[in-house]
Amino acid sequence: MANKKITIVYQDCPMCGDRGKKLKKIVANKGIRLHKVSFASDEGGELIKTAVFDYGIKTMPFYYDGTKFAATIEELLEKPKKEESKKTRKKKAEGNK
């Protein structure tokens, strides 16, 4: 995931306070490039429309990785859960008999 670019759309300083410290630590540990976009900019306005109307995100800051939007950066960094194999499901079903 090195050099993954994530856009953060913000209203107030996203790098300030406790939330900012946590964000800086995550970004540094994961090797993420953070692209900061003000909600008042043209780019921010377009991203807000998509986040609100298509994804139901109604808080700031929010994050965009180029394909999906999330209310927290952790949501974008979560690995998708692996689907259970047919073998595992079959064993579970047999165990329930």
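Residues numbered from 1 in each chain as written. Predicted model: local features only at pLDDT ≥ 70, side-chain atom pairs only at ≥ 80, totals over all residues. Heavy atoms only, no water.

**Q** How do you make sense of the overall build of the protein chain when you look at a structure like this?
**A** Across its full length, the protein chain holds four helices and four strands. Sequence-distant contacts in the protein chain: of pairs separated by 6 or more residues, those separated by 24 or more amount to 56%. A total of about 7,300 Å² of accessible surface is found on the protein chain, and carbon and sulfur atoms cover 51% of it. (Helix = DSSP H or I, 4+ residues; strand = E, 2+ residues; numbered from the N terminus. Contact = heavy atoms within 4.5 Å. Areas by Shrake-Rupley, 256 points an atom, 1.4 Å probe, with all protein chains shown as cover.)

**Q** What should I look at first to understand the packing of aromatic side chains in this one?
**A** Working definition: an aromatic ring pair is given by the centre-to-centre distance plus the angle between the planes. Per the stated rule, a full pass over the model turns up three aromatic pairs. With centroids separated by 4.9 Å and ring planes inclined at 40 degrees, the aromatic side chains of Tyr 55 and Phe 69 adopt a geometry described as tilted. One end of the pair, Tyr 55, is in helix 2 (residues 42-55); the other, Phe 69, is in strand 4 (residues 69-70), and 14 residues separate them in sequence. Of the residues examined, Phe 69 reaches a relative accessible area of 9% and is grouped as buried. A centroid spacing of 6.0 Å and a plane angle of 40 degrees characterise the contact between Phe 62 and Phe 69, whose relative ring orientation is tilted. Judged by relative accessible area, which is 2%, Phe 62 ranks as buried. (Phe/Tyr/Trp six-rings, centres within 6.5 Å; stacked < 30°, edge-to-face > 60°. Buried < 20%, exposed > 50% of the residue type's maximum accessible area, 1.4 Å probe, protein only.)

**Q** Help me understand the pairing of strand 2 (residues 32-38), please; the structure alone is not making it clear to me.
**A** The side chains of a regular strand alternate between the sheet's two faces. Bridge count between strand 1 (residues 4-10) and strand 2: seven bridges; the pairing is parallel. Residue pairing in the sheet places Thr 7 in a bridge with His 35 of strand 2. A crossover links strand 1 with its parallel partner strand 2, the connecting element being helix 1 (residues 17-30), and its sense is right-handed. (Pairing = 2+ DSSP bridges. Right-handed = clockwise from strand over helix to strand, strands pointing away.)

**Q** Can you walk me through the layout of surface pockets in this structure?
**A** Gaps between atoms show up when a probe of the same size as a water molecule is rolled over them. The volume enclosed by the largest pocket comes to roughly 180 Å³. Lining the largest pocket are Arg 19, Lys 22, Leu 23, Ile 26, Thr 59, Met 60, Pro 61, Tyr 63, Ala 71, Thr 72, Ile 73 and Glu 74. Those elements that place two or more of their residues in the lining of the largest pocket are helix 1 and helix 3 (73-77). Counting residues per element, the lining of the largest pocket draws most heavily on helix 1, which supplies four residues. Grouping the amino acids of the lining of the largest pocket by side-chain chemistry returns seven nonpolar, two polar and three charged. (1 Å grid on protein atoms, 1.4 Å probe; cavity = no way out; pocket = protein on both sides within 12 Å on 5 of 7 lines; lining within 4 Å. Points joined across faces, edges and corners; volume = space filled by probe spheres on them. Nonpolar A, V, L, I, M, F, W, Y, C, P; charged D, E, K, R; others polar.)

**Q** Sorry, what's going on with the sheet that holds strand 4 here?
**A** By way of backbone hydrogen bonds, the strands of a sheet pair with one another, either parallel or antiparallel. Read across the sheet, four strands follow the order 2-1-3-4 without closing on themselves; strand pairing throughout is mixed. Only two strands of the sheet have a single neighbouring strand rather than two, namely strand 2 and strand 4. Here strand 3 (residues 62-64) pairs with strand 4 via two bridges, running antiparallel. Looking at strand 4, one finds that Tyr 64 is bridged to Phe 69. Along the sheet, helix 1 contacts strand 1, strand 2 and strand 3; its crossing angle with strand 2, the most-contacted strand, is approximately 140 degrees. (Axes fitted to C-alpha atoms, helices over the stretch in contact; angles between N-to-C directions.)

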